[in-house]
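Residue strings, one per chain:
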Amino acid sequence: MSIKVYSKNQCVKCNMTKKFLQKHNIDFTEINIDNEDQLKNHGKTRDEVISYIKETLNLRTMPIVETDTDTWGDYRLDKLRELVNK
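Because the structure is a prediction, the values reported are computed rather than measured.

*Asks:* How would you summarise the pattern of salt bridges if you had to cite specific residues and measurements?
*Replies:* One pass over the full model with this rule turns up 5 salt bridges. Ionic pairing is found between Asp70 and Lys79, a salt bridge with its closest N-O pair at 2.8 Å. For Lys79, a relative accessible area of 17% corresponds to the buried category.

*Asks:* Lay out the state of the cysteines in plain terms, naming residues and giving numbers.
*Replies:* Working definition of a disulfide: a covalent bond connecting the sulfur atoms of two cysteines. Across all of its chains, the model carries 1 disulfide by this definition. Paired by a disulfide, Cys11 and Cys14 hold their sulfur atoms 2.4 Å apart. Linking Cys11 and Cys14, the disulfide has an S-S dihedral of approximately 75° and is accordingly described as right-handed. Judged on exposure class, the residue Cys11 and its partner Cys14 are both buried.

*Asks:* Break down the packing of helix α1 (residues 12-23) against helix α4 (residues 77-85) for me, citing the residues and quoting the values.
*Replies:* Following both chains from N to C, one finds α1 and α4 inclined at 20°, their axes separated by 10 Å at the closest point. Taken together, the axes of α1 and α4 are roughly parallel relative to one another. Note on packing geometry: the crossing formed by α1 with α4 is right-handed. Contacts between α1 and α4 pair Thr17, Phe20 and Leu21 from the former with Leu77, Leu80, Arg81, Leu83 and Val84 from the latter. Its residues assigned to classes, the contact of α1 with α4 comprises 6 nonpolar, 1 polar and 1 charged.

*Asks:* Help me get a handle on the environment of Val84, residues and values and all.
*Replies:* Here Val84 is to be found in helix α4. Val84 sits in the partly exposed class, given a relative accessible area of 34%. Sequence separation between Val84 and Thr69 is 15 residues; the distance between their C-alpha atoms is 14 Å. Leaving out residues up to four positions away in the same chain, Val84 has contacts with Phe20, His24 and Ile26.

Conventions and cut-offs
Residues numbered from 1 in each chain as written. Predicted model: local features only at pLDDT ≥ 70, side-chain atom pairs only at ≥ 80, totals over all residues. Heavy atoms only, no water. Salt bridge = Lys/Arg side-chain N within 4 Å of Asp/Glu carboxyl O. Buried < 20%, exposed > 50% of the residue type's maximum accessible area, 1.4 Å probe, protein only. Disulfide = S-S within 2.5 Å. Axes fitted to C-alpha atoms, helices over the stretch in contact; angles between N-to-C directions. Helix = DSSP H or I, 4+ residues; strand = E, 2+ residues; numbered from the N terminus. Parallel < 35°, antiparallel > 145°, perpendicular 65-115°, else oblique. Left-handed = near helix turned anticlockwise from the far one by under 90°. Contact = heavy atoms within 4.5 Å. Nonpolar A, V, L, I, M, F, W, Y, C, P; charged D, E, K, R; others polar.

If you want it as structure tokens, here you go:
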């Protein structure tokens, strides 16, 4: 399963989400909208990623977790636990 975590610097809920996934040995790709080098590695600009989040995913709250079958914003322990059980 492919998991992307869209995050930003100094975001407590972003850090909580990443720590949960790491603790449970769940592989994910982080896309930090505040890290220009990381965005370049993904071939995107900050504006492109923010546009995708707002217009395509229709979300506004960080972090944003995107899997093959689900997408959500904010720290969602219920959704994270579902990933562990898959």
